[in-house]
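# Close look at the chain arrangement
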Amino acid sequence: MDNLVKALSAIAGAQNVSNAEDVLSSFAEDASFEKRMMPRAVVRPQNAEQVQQIIKWANETKTPLVPVSSAAPHAKGDTVPGAPEAVIVDLSGMKKILGISRRHRIAVIEPGVTYAELNAALAKEGMTVSMPLAPRAGKSVIGSILETEPRLNALHQWCNLDPLRCVEVTWGDGNRMYTGEAGGSVMDLEAQWKDDKWQWEPAGPMMLDFYRLLTGAQGTMGIVTWASVRCEILPQAHKGFLVPAERLEDLIDFSYQVLRLRFGEEFFIMNAAQLSRLVTHSAVEAEKLEATLPRWAAIVGVAGREILPEERVACHEQDIADIAQQHGLSLERATGGITGDLALKCANHATGAASWKTNAAGAFADIFFSTTLDRTPEFVRAMDSVAKESAYLRRVGVYLQPENMGTSYHCSFTLPYDPQDEKETARTQRLFGAASERFSQMGAYYFRPYGIWSRLQLNRDAQSYKTLLELRKIFDPNGIMNPGKMRND
């Protein structure tokens, strides 16, 4: 046993440390196009104290750490080591749901808790948590929220970081902190709960919103060991609808008006290729269904909770139908062989171990960024043009999700490919790079700058990049936290 494994075993226990080749290989690469790099070891801490000790040890030995909270398979490149001799800090086994308060609509959870596990516990209290689009079964709730994955119910999102509230974090320098309302002299959750303090307000301590430094950071600032998450009351009535259209442009003004008037619950837009893949389980099924679907569709959910739920659903249904009619569209319960309820069910539930997007060809690459809805047709046309230039033969899936009450939109393109076909893989990788470059030139904002997007985004604002590096020196002075993920070269 080498000295590194001995040191980690002394902190987390020998049973929670591994340098077996098969284990290391599982973290050396993912489904992204990031360069393969073997880590030195994998450690699985069981509590915040062990996490803090690991970070202090890493500072003493100048060992890179890569935090991972979701179960495999991974797909964005953020969990692949960006520096040699790194240690993977696997938090997926920290699965405690530390507390739930229906009165405050808060759940306090550890980083290994998945959406299915949290929602099962919340359902007993008549609550749920806002969902990203059909997450993998092993997807960490905290990992998803820290990486600001868009929520399906944008009208409940008061800022892009919702539903995140307070966190416990050990920064890269080894100091542990409670952020927001939880911060202060009493770093004890149960003591705070006895005073009816449920870690609701995320701002602070003092004048700085520390939790913002952790979002979209790919684990480069510190490691979060619990987070408080704002929850929703479970709907007692819930209906799904589809608004079909032959052109994306036909849905834009309709979408703006529905969101401005705050109607509905879930709201997102997909092209036929993406929608057919979401609601089916194989490429053959998806291709058959795609032929019957409209080219574009807005998926709209309407929910009623404790006060007059059926009446609320009926009123919102009528109002949204009126808005659709004003724009030459129709609000339908079913179209092209699928129902709105089916689309919502598939969107709101975790899939299997792998993403549902793998069903189309075996692997996929996603390009996503933030923009405004009125600009999305430009990006769709640009993707069609670049795909044609790259001789890409498969149908590109498009998913548009309003964020922060519709003030911006998550624009996502899915590129399926067969990973066993070397030529198709290479062609898709070239398209991924070319399209990413084109979108950046057009003004796409890579809010989550994975891989090559880090260079594209950071090169556009040298002053912000300099500030970001200075902040890292404060919280991670030895540069041990996931090095290589913030780069503009």
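Residues numbered from 1 in each chain as written. Predicted model: local features only at pLDDT ≥ 70, side-chain atom pairs only at ≥ 80, totals over all residues. Heavy atoms only, no water.

Moving on, we come to the overall build of the chain. Scanning the chain from N- to C-terminus turns up 15 helices and 19 strands. The C-alpha radius of gyration of the chain comes to 23 Å, within 12% of the 23 Å expected for a compact globule of 489 residues. With the C-alpha coordinates aligned to their principal axes, the bounding extent of the chain is approximately 65 × 60 × 40 Å. When contacts within the chain are restricted to residue pairs at least 6 apart in sequence, those whose partners lie at least 24 apart make up 72%. Carbon together with sulfur atoms contributes 51% to the accessible area of the chain, which is approximately 20200 Å² in total. (Helix = DSSP H or I, 4+ residues; strand = E, 2+ residues; numbered from the N terminus. Rg over C-alpha atoms; globule rule 2.2 N^0.38 Å. Contact = heavy atoms within 4.5 Å. Areas by Shrake-Rupley, 256 points an atom, 1.4 Å probe, with all protein chains shown as cover.)

Applying the stated criterion across every chain yields a total of 21 aromatic pairs. When the ring of Phe368 is compared with that of Tyr450, the centres are 6.1 Å apart and the planes differ by 75°; the resulting orientation is edge-to-face. Note that Phe368 is positioned in strand 17 (residues 363-371) and Tyr450 in the loop between helix 13 (422-442) and helix 14 (452-458), a separation of 82 residues in sequence. On the basis of relative accessible area, Tyr450 is assigned to the buried category, the value being 5%. One aromatic cluster is present, formed by Phe33, Phe368, Phe369, Phe379, Phe413, Tyr417, Phe432, Phe439, Tyr446, Tyr450 and Trp453 through successive ring pairs. A cation over a ring is seen here: Arg165 above Trp200, with NZ or CZ 4.5 Å from the ring centre. Its guanidinium or amino end placed over the ring of Phe241, Arg333 lies 5.3 Å from that ring's centre, counting from NZ or CZ. (Phe/Tyr/Trp six-rings, centres within 6.5 Å; stacked < 30°, edge-to-face > 60°. Buried < 20%, exposed > 50% of the residue type's maximum accessible area, 1.4 Å probe, protein only. Lys NZ or Arg CZ within 6 Å of the ring centre and 35° of its normal.)

Look at the link from Ala72 to Pro73: it is a cis peptide, with omega at 5°. With respect to the helices and strands, the residue Pro73 is situated in the loop between strand 3 (65-68) and strand 4 (87-90). The residue after Asp162, namely Pro163, is reached through a cis peptide bond having omega 10°. In this structure, Pro163 sits in the loop between helix 5 (141-146) and strand 8 (164-171). Its identity as a non-glycine residue notwithstanding, Met206 has a phi of 60°, on the positive side. Along the chain, the position of Met206 falls in the loop between helix 6 (189-194) and strand 10 (222-230).

For the structure on display, the rule yields 2 cavities of 30 Å³ or more. Volume-wise, the largest cavity comes out at about 80 Å³. Together, Thr148, Asn160, Phe368, Phe369, Ser370, Glu403, His410, Tyr445, Tyr446, Phe447 and Arg448 line the largest cavity. At 3 residues, the largest contribution of residues to the lining of the largest cavity is made by strand 17. Of the residues assigned to the lining of the largest cavity, the class counts are 5 nonpolar, 4 polar and 2 charged. (1 Å grid on protein atoms, 1.4 Å probe; cavity = no way out; pocket = protein on both sides within 12 Å on 5 of 7 lines; lining within 4 Å. Points joined across faces, edges and corners; volume = space filled by probe spheres on them. Nonpolar A, V, L, I, M, F, W, Y, C, P; charged D, E, K, R; others polar.)

This part is about the pattern of salt bridges. Tallied over the full model, the rule gives 29 salt bridges. Residue Arg103 pairs with Asp196 through a salt bridge whose shortest N-O separation is 3.1 Å. Here Arg103, found in the loop between strand 5 (97-101) and strand 6 (106-109), pairs with Asp196, found in the loop between helix 6 and strand 10; they are 93 residues apart in sequence, far enough to count as distant. In this structure Arg103 comes out as exposed when scored by relative accessible area, which is 67%. Note that Arg230 and Asp162 form a salt bridge whose closest N and O atoms lie 3.2 Å from each other. Remark: Asp162 occurs in the loop between helix 5 and strand 8 and Arg230 occurs in strand 10; sequence separation between them is 68 residues. On the accessibility criterion, Asp162 (5% relative accessible area) is buried. Each of the salt bridges in this network shares a partner with another, and the network as a whole consists of Lys76, Lys139, Glu149 and Arg448. (Salt bridge = Lys/Arg side-chain N within 4 Å of Asp/Glu carboxyl O.)

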